[in-house]
Protein chains: 4
Amino acid sequence: MKSFPTTLLNGYRNFMSGRYVAERERYRVLADQGQKPHTLVIACCDSRAAPETIFDAGPGELFVVRNVANMVPPYEPDGQYHSTSAALEFAVQALRVKDIIVMGHGRCGGIGAALDPNAEPLSPGDFIGKWMGLVRTAAEQIQGNSVMTTTERQTALERISIRNSIANLRTFPCVKILEERGKIQIHGAWFDIANGELWVMDPQSKDFVRLEA
Amino acid sequence: MKSFPTTLLNGYRNFMSGRYVAERERYRVLADQGQKPHTLVIACCDSRAAPETIFDAGPGELFVVRNVANMVPPYEPDGQYHSTSAALEFAVQALRVKDIIVMGHGRCGGIGAALDPNAEPLSPGDFIGKWMGLVRTAAEQIQGNSVMTTTERQTALERISIRNSIANLRTFPCVKILEERGKIQIHGAWFDIANGELWVMDPQSKDFVRLEA
Amino acid sequence: MKSFPTTLLNGYRNFMSGRYVAERERYRVLADQGQKPHTLVIACCDSRAAPETIFDAGPGELFVVRNVANMVPPYEPDGQYHSTSAALEFAVQALRVKDIIVMGHGRCGGIGAALDPNAEPLSPGDFIGKWMGLVRTAAEQIQGNSVMTTTERQTALERISIRNSIANLRTFPCVKILEERGKIQIHGAWFDIANGELWVMDPQSKDFVRLEA
Amino acid sequence: MKSFPTTLLNGYRNFMSGRYVAERERYRVLADQGQKPHTLVIACCDSRAAPETIFDAGPGELFVVRNVANMVPPYEPDGQYHSTSAALEFAVQALRVKDIIVMGHGRCGGIGAALDPNAEPLSPGDFIGKWMGLVRTAAEQIQGNSVMTTTERQTALERISIRNSIANLRTFPCVKILEERGKIQIHGAWFDIANGELWVMDPQSKDFVRLEA
C-alpha cells in the first residue's frame, strides 16, 4: 500500500517483529475470550501522554477514551451522539471495569485555549471553543487571576478540570451507584510531560500529590 | 497514594525506570517546544488495539482520538459538545497533521452491539445505542444478510464503518479543502487482534488489503 | 540563672561542647574582623523554616531578617520605624551582600490568615491583620477562587507573596541600582516543610521549580 | 536553576542528605499537625548570632523574629505595618508560646551605628537611623560618657537595649496580662561572638550574668 505512511508502516513492522512475537499468545486469547480490562482511562489526545506508555500497559489492560483535555461531560440522556458518555457506559456496564482514571497532563493545548482570552475559533464550527465550554466557569475564575503566572494558571485549570470531570462522572447514575456500592473506584491523575512526574489526586483533600517514582 | 491501583503504579514505575530514562530528553524538548505530531489516529477504546503499541510509536508522534468503534460523526456545527469533531478540528487546524488514520479492528464490541438485533440499552441513557446509530443504516443491511456468517457480518461492518467515518471526515470543510490541496492524506486501517495482521484500505477500490509484515 | 528555660540552657551547652569547639576560631575571627555575609535572607519566623538549618549555613554566612510570612514592604521613606527596610538597607549598603533571597514556605500561618475570610483580629491592635495587608489585593483574588482547593490557594498565595516582596525590593533605589549594575542578584525560594523540597523561582517565567536534592 | 547561589545549593544538599534524613518524620508531623514552638526569640539579623545555632534547636522549637539589633518597638495600635509587633502578636496570641527571649549580642552593627556621633544615613531613606531611634535616648547618655571605653559603651548599650525592648514588650496588653498570670516568662540574653559566652539577664537586678557552659 504505497500511500500508507512509511513511519507507521515501519512502526508496525517493529511491533510485529518485536513485541508481538512475545505477546502472540496473549493476543490470541484476548481475541477468543474477549477483553476484560480492569481500568477505564479517560485521557487526552495529546501525542505526549499515551496511557499505555505511561502505565507500561499491555494488550487487554486499559480501556481508553481519548478526547481533547480528557474531559467527561455531565449526564445528558438526550437524543444526541455522546462519544465519551457512550464509552463510559460501555466500560462500566458491559466491561465492568473496577477503576476509572481521569488522567490530565501539563502543557494541555485544550486547557491553554480555554484560558486564552483572545482565542479565535479554529474553524467556523468552533468545535474546540464549544468543547472547552465544559470548563468555562472554572476557566473564567482562573483567567481573571493576574497574580499567578501563565504556567500556574495552566496547571491549576488542568487539575481543576480533572476534578470537574470526576464530578461529572458521578452524575451518571450507573457510576454513582457502583461507586457507592464499592464496585468502582474513581481516581484523578496528572502527568508532567516535562519531567515524567505523575501526580495523583488525594481522594479526601482533592489535592494532587506527586508519586515517588 | 494508597488508593491508586497497584497495577498502574507498578506500570508507571516500570516506565520511569525503563523507557523514560532513554526518552527523558525527548520529553523535555516536547514539553518546551510543544507537540508536532505528524498523524491523527481515530481509534477504538478497545484495550487490545492501542495505536501507540501497534505502530510502535513514541511520544510526540500520534495525536490520538479514541471512542467506541473509532467513528467520526458528520459535520454538525450546532451548539452541542462534539468530542470527536473538536479533536479533529484541533489536529487539523492547530497541529496541522499530515495524515489521518481511521483505524478499526476485529472483535469490536460496539460494532457487535450495532449488529445485535436483540441488543438491550446498557443503561436508561442508552448512550451506546445512540452512538452506534452512526452506522445504523449500514448495520441494518448487514444484519438482514443471512448468507454471511456472524464473523463475516462483523468484519464487514467494521470495515464499512471505517469507510463511513472517512466519508464523514470529508464533510468537515477544513478536511475537505486540505485534502484537495494535497496537504492531508486520509487512510483506513483495520487491525486483526487474533493474529496481529494490519489491513489497509486501498484508496481507489476501498478494499482492505493485508500488509506484509 | 534558674528562671532561664532548661531546654535552651541544654541546647546552649550542646552548642558549646559540640559545634562551637570546631568553630571557635571562626567565631574569633568573625568577632575581630566583623561579619561579611554573602547573602541576605528574608525568611519567615516559622519554627520549621530556619534558613541556617535548610542551607546548612555556619556563622558569618547569612544575614537574616525574619518576619511573619517573609515579606518586604514597599519603599516608604517616612518618619516611621521600618524594621525590614532598615535591615535591608544595612545588608545592602553597609554589608554589601551579593545575593538577596526571599524565602517562603508551605503551611505559612500568616498566609493562611490572609486567606481566611473569617479571620478575627488576634488582639485589639490587629497587627497581623495590618501586616498581612501587604498581600491583601492578591489574597482577595485567590480567596474568591472556589475551584482551587484550600491547599492550592495557600501554596499559590505563598508564591505570589514572594514575587510581591521581590517587586517591593525593587522599589528601594539602592536595590534597584545595584541590581541593574549586576552587583546584586535577587532570588525567590519556597521550602516545603512536609517533604523538605526546595522550590526556586525561575527569574524569567517567575515560576517555582523544584531543585533536585 | 543556574542563577541560584552555589553555596546555598550545596548547603541545601548537605541538609537533605544529612540532617533531614534523620528528621524527615519530625518535619512530616510538624507539617501535618502545625507548629507548636515553646519559645519566641527576638534576635538580631547578624550572621554570627543565629538562635537555632546557639541553642542547638531543631525544627518546631523556636519562633524567631530577627531585625537589626533585636529590638521591640512600643505598642502602637495605629494603621501602620508593624513587622515585629505582628510577629509578637502571632507568637503570643495564636501560638501561645511559654517563653520570650530578647537576645542581643556583642559587636552589634546597629548598636554601633546608634553610638557613632558621625554616623551618616546609609541611604536617603535613612531607615537604620530611624530604626535605631528606638534607643536614641539611652544612646545619647552613653555616647557622652567619656570615661567608658568604646567597647564598654558598645556592650553597655547592647544590654540597655535588651532591657529597653523588654520594657516595650510589656506595653503590649496581651503580653502584660499573660505575664501577670504566669503564662509567659520574659528573658534577656546576650551572646558574646568572640568567645561563645551566653550572658543571661537576672530578672530582679536586671544585670547580665555569664552562664557556666
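Residues numbered from 1 in each chain as written. Chains lettered and ligands numbered in written order. Predicted model: local features only at pLDDT ≥ 70, side-chain atom pairs only at ≥ 80, totals over all residues. Heavy atoms only, no water.

### Comments concerning the overall build of chain A
Phase 1 of the analysis: Secondary structure summary: chain A contains nine helices and six strands in total.
Phase 2 of the analysis: Over its C-alpha atoms chain A spans a radius of gyration of 19 Å, differing by no more than 12% from the 17 Å that the globule rule assigns to 213 residues.
Phase 3 of the analysis: By the burial criterion, 62% of the 213 residues in chain A qualify as buried.
Phase 4 of the analysis: Taking contacts inside chain A between residues at least 6 apart in sequence as the whole, the part at least 24 apart equals 67%.
Phase 5 of the analysis: Summing over all exposed atoms, chain A offers an accessible surface of approximately 7,900 Å²; the carbon and sulfur share of this is 50%.
Phase 6 of the analysis: Charged side chains of chain A number 23 positive and 24 negative; the gap between the two group centres comes to 5 Å. (Helix = DSSP H or I, 4+ residues; strand = E, 2+ residues; numbered from the N terminus. Rg over C-alpha atoms; globule rule 2.2 N^0.38 Å. Buried < 20%, exposed > 50% of the residue type's maximum accessible area, 1.4 Å probe, protein only. Contact = heavy atoms within 4.5 Å. Areas by Shrake-Rupley, 256 points an atom, 1.4 Å probe, with all protein chains shown as cover. Lys, Arg positive; Asp, Glu negative; His and termini not counted. Charge placed at Lys NZ, Arg CZ, Asp CG, Glu CD.)

### Overview of the UniProt feature "binding site: Zn(2+)" (unreviewed entry) in chain A
All names here are of chain A.
Phase 1 of the analysis: Per the UniProt record, "binding site: Zn(2+)" (unreviewed entry) is found at Cys44, Asp46, His105 and Cys108. Taking the farthest pair of C-alpha atoms as the criterion, the annotated set spanning 65 residues converges on one region, since that pair is 8.8 Å apart.
Phase 2 of the analysis: By secondary structure assignment, the location of Cys44 is in strand E1 (residues 39-44).
Phase 3 of the analysis: Summarising the element assignment, His105 is placed in strand E3 (residues 99-105). (UniProt positions renumbered as here; feature names shortened; annotations may be inferred.)

### Examining the relation of the copies chain C and chain D
Phase 1 of the analysis: Superposing chain C onto chain D takes a rotation of 180° combined with a translation of 0.0 Å along the rotation axis, leaving an RMSD of 0.1 Å. Taken together, the rotation and translation relating the two chain copies correspond to the operation of a two-fold axis. Among all residues of chain C, the one whose C-alpha sits closest to the rotation axis is Arg66 of chain C, at a distance of 2.3 Å.
Phase 2 of the analysis: When the interface residues of chain C are mapped onto chain D, 99% of them again lie at the interface, so the same face is used by both copies. (Least-squares fit on C-alpha atoms with pLDDT ≥ 70 in both.)

### Describing the environment of Asp116 of chain D
Phase 1 of the analysis: In this structure, Asp116 of chain D sits in the loop between helix H5 (109-115) and helix H6 (127-132).
Phase 2 of the analysis: The sequence separation of Asp116 of chain D and Leu198 of chain D amounts to 82 residues, and the corresponding C-alpha distance is 26 Å.

### Overview of the domain arrangement of chain A
Residues and elements named next belong to chain A.
Phase 1 of the analysis: Each assigned domain of chain A is listed here: domain 1 (1-33) and domain 2 (35-210).
Phase 2 of the analysis: Taking only C-alpha atoms, the centre of domain 1 and the centre of domain 2 are 29 Å apart.
Phase 3 of the analysis: Between domain 1 and domain 2, the contact holds six residues from the first and seven residues from the second.
Phase 4 of the analysis: Summed over both sides, the interface between domain 1 and domain 2 buries roughly 500 Å², with carbon and sulfur atoms accounting for 49% of that surface.
Phase 5 of the analysis: Remark: the boundary between domain 1 and domain 2 carries one salt bridge.
Phase 6 of the analysis: The partner of Arg26 in a salt bridge is Glu61, and the shortest N-O contact between them spans 3.6 Å.
Phase 7 of the analysis: For the pair domain 1 and domain 2, the interface holds three residue pairs in polar contact (both at pLDDT 80 or more). (Domains from an automatic or database assignment. Buried area = accessible area lost by both parts, 1.4 Å probe. Salt bridge = Lys/Arg side-chain N within 4 Å of Asp/Glu carboxyl O. Polar contact = N/O pair within 3.5 Å; in protein donor to acceptor, adjacent residues only side chain to side chain.)

### Let's talk about the relation of the copies chain A and chain C
Phase 1 of the analysis: Placing chain A over chain C gives an RMSD of 0.0 Å and needs a rotation angle of 180°, together with 0.0 Å of translation along the axis.
Phase 2 of the analysis: Interface residue correspondence from chain A to chain C reaches 100%, placing this contact among same-surface, isologous pairings.

### Looking at the interface of chain A and chain C
Phase 1 of the analysis: Contacts between chain A and chain C engage 21 residues on the former and 21 residues on the latter.
Phase 2 of the analysis: Summing both sides of the interface, chain A and chain C together bury roughly 1,500 Å²; the carbon and sulfur share of this comes to 43%.
Phase 3 of the analysis: Of all residues in chain A, the largest losses of buried area upon contact with chain C belong to Gln141, Val147 and Asp207 of chain A, amounting jointly to 33% of the total for that side.
Phase 4 of the analysis: Our count for the chain A to chain C interface comes out at four salt bridges.

### Looking at the packing of helix H4 (residues 83-94) of chain B against helix H9 (residues 173-180) of chain B
Two numbers describe a pair of packed helices, the interaxial angle and the distance between the axes.
All names here are of chain B.
Phase 1 of the analysis: Look at H4 against H9: their axes get within 10 Å of each other, and the N-to-C directions meet at 35°. In this structure, H4 meets H9 at a crossing whose hand is left-handed. Along the contact surface, H4 presents Leu88, Val92 and Gln93, while H9 presents Cys174, Val175 and Leu178.
Phase 2 of the analysis: Split by residue class, the contact of H4 with H9 holds five nonpolar, one polar and no charged. (Axes fitted to C-alpha atoms, helices over the stretch in contact; angles between N-to-C directions. Left-handed = near helix turned anticlockwise from the far one by under 90°. Nonpolar A, V, L, I, M, F, W, Y, C, P; charged D, E, K, R; others polar.)

### So, the interface of chain C and chain D
Phase 1 of the analysis: Contact with chain C, which involves 97 residues of that partner, is made by 96 residues of chain D.
Phase 2 of the analysis: Across the interface of chain C and chain D, roughly 8,400 Å² is buried in total on both sides, 66% from carbon and sulfur atoms.
Phase 3 of the analysis: Linking chain C with chain D are four salt bridges, by the criterion used here.
Phase 4 of the analysis: With its nearest N and O atoms 4.0 Å apart, the salt bridge here joins Arg107 of chain D to Asp32 of chain C.
Phase 5 of the analysis: Where chain C meets chain D, there are 38 residue pairs in polar contact (both at pLDDT 80 or more).

### Examining the packing of aromatic side chains
Here the distance between the centres and the angle between the planes together describe a pair of aromatic rings.
Phase 1 of the analysis: Across all of its chains, the model carries 52 aromatic pairs over all chains by this definition.
Phase 2 of the analysis: Each ring, one from Phe4 of chain A and one from Phe55 of chain B, has its centre 6.3 Å from the other, and the planes form 40°; the classification is tilted. Here Phe55 of chain B lies in the loop between helix H3 (51-54) and strand E2 (62-67) and Phe4 of chain A lies in the segment before helix H1 (6-17), a pairing that spans two chains. Residue Phe4 of chain A shares its accessibility class with Phe55 of chain B, and that shared class is buried.
Phase 3 of the analysis: Measuring from centroid to centroid gives 5.7 Å for Phe127 of chain A and Tyr75 of chain B, while their planes differ by 75°, and the two rings are edge-to-face. Of this pair, Phe127 of chain A sits in helix H6 (residues 127-131) while Tyr75 of chain B sits in the loop between E2 and H4, on two different chains. (Phe/Tyr/Trp six-rings, centres within 6.5 Å; stacked < 30°, edge-to-face > 60°.)

### A short note on the pairing of E2 of chain B
Phase 1 of the analysis: Within E2 of chain B, six of the six residues are buried, which leaves it mostly tucked inside the rest of the structure.
Phase 2 of the analysis: Going residue by residue along E2 of chain B, you find Leu62, Val64 and Arg66 of chain B tucked away on one face and Phe63, Val65 and Asn67 of chain B tucked away on the opposite face as well.

### Some remarks on the pairing of strand E3 (residues 99-105) of chain C
Residues and elements named next belong to chain C.
Phase 1 of the analysis: For E3, the buried fraction is high: seven of the seven residues fall into the buried class.
Phase 2 of the analysis: Residues Asp99, Ile101, Met103 and His105 point to one face of E3 and Ile100, Val102 and Gly104 to the other, with burial holding for every one of them.
Phase 3 of the analysis: Where strand E1 (residues 39-44) lies against E3, four bridges are found, and the strand directions are parallel. Of the residues in E3, the one forming a bridge with Ile42 is Val102.
Phase 4 of the analysis: Strand direction decides the pairing type here: E3 and strand E4 (residues 185-192), joined by seven bridges, are parallel. Opposite His105, over in E4, you have Phe191 as the bridge partner. (Pairing = 2+ DSSP bridges.)

### Looking at helix H4 (residues 83-94) of chain C
Phase 1 of the analysis: Compared with the 16 Å implied by 1.5 Å per residue over twelve residues, the 16 Å span of H4 of chain C between its first and last C-alpha is a close match.
Phase 2 of the analysis: Among the twelve residues that make up H4 of chain C, eleven are buried, leaving the element largely enclosed by the rest of the structure. (Expected span 1.5 Å × (residues − 1).)

### Structural notes on the nonpolar core
Phase 1 of the analysis: Membership of the largest hydrophobic core comes to 101 residues, with the highest contact counts inside it found for Val68 and Met132 of chain A, Ile100 of chain B together with Val68 and Met132 of chain C.
Phase 2 of the analysis: The residues touching Met132 of chain C, leaving out its near neighbours within four places in the chain, are Val68, Ala69, Met71, Gly110, Ile111 and Ala114 of chain C.
Phase 3 of the analysis: Counting residues in hydrophobic clusters, the runner-up holds 94 residues, among them Cys45 of chain B, Trp190 of chain C together with Phe127 and Ala139 of chain D. (Core = buried A, V, L, I, M, F, W, Y, C linked by side-chain atoms within 4.5 Å.)

### Details of helix H2 (residues 19-33) of chain B
Phase 1 of the analysis: The end-to-end C-alpha separation of H2 of chain B is 21 Å, in line with the 21 Å expected for 15 residues at 1.5 Å each.
Phase 2 of the analysis: At Glu25 of chain B, H2 of chain B is deflected by roughly 45°, the largest bend along its length.
Phase 3 of the analysis: All buried positions along H2 of chain B are accounted for by Tyr20, Glu23, Tyr27, Leu30 and Ala31 of chain B.
Phase 4 of the analysis: Buried positions along H2 of chain B lie against helix H3 (51-54) and strand E4 (185-192) of chain A together with helix H1 (6-17) of chain B.
Phase 5 of the analysis: Phi turns positive, to about 85°, at Gly34 of chain B, one or two residues after H2 of chain B. (Bend = angle between axes of the 7 residues up to and from the residue.)

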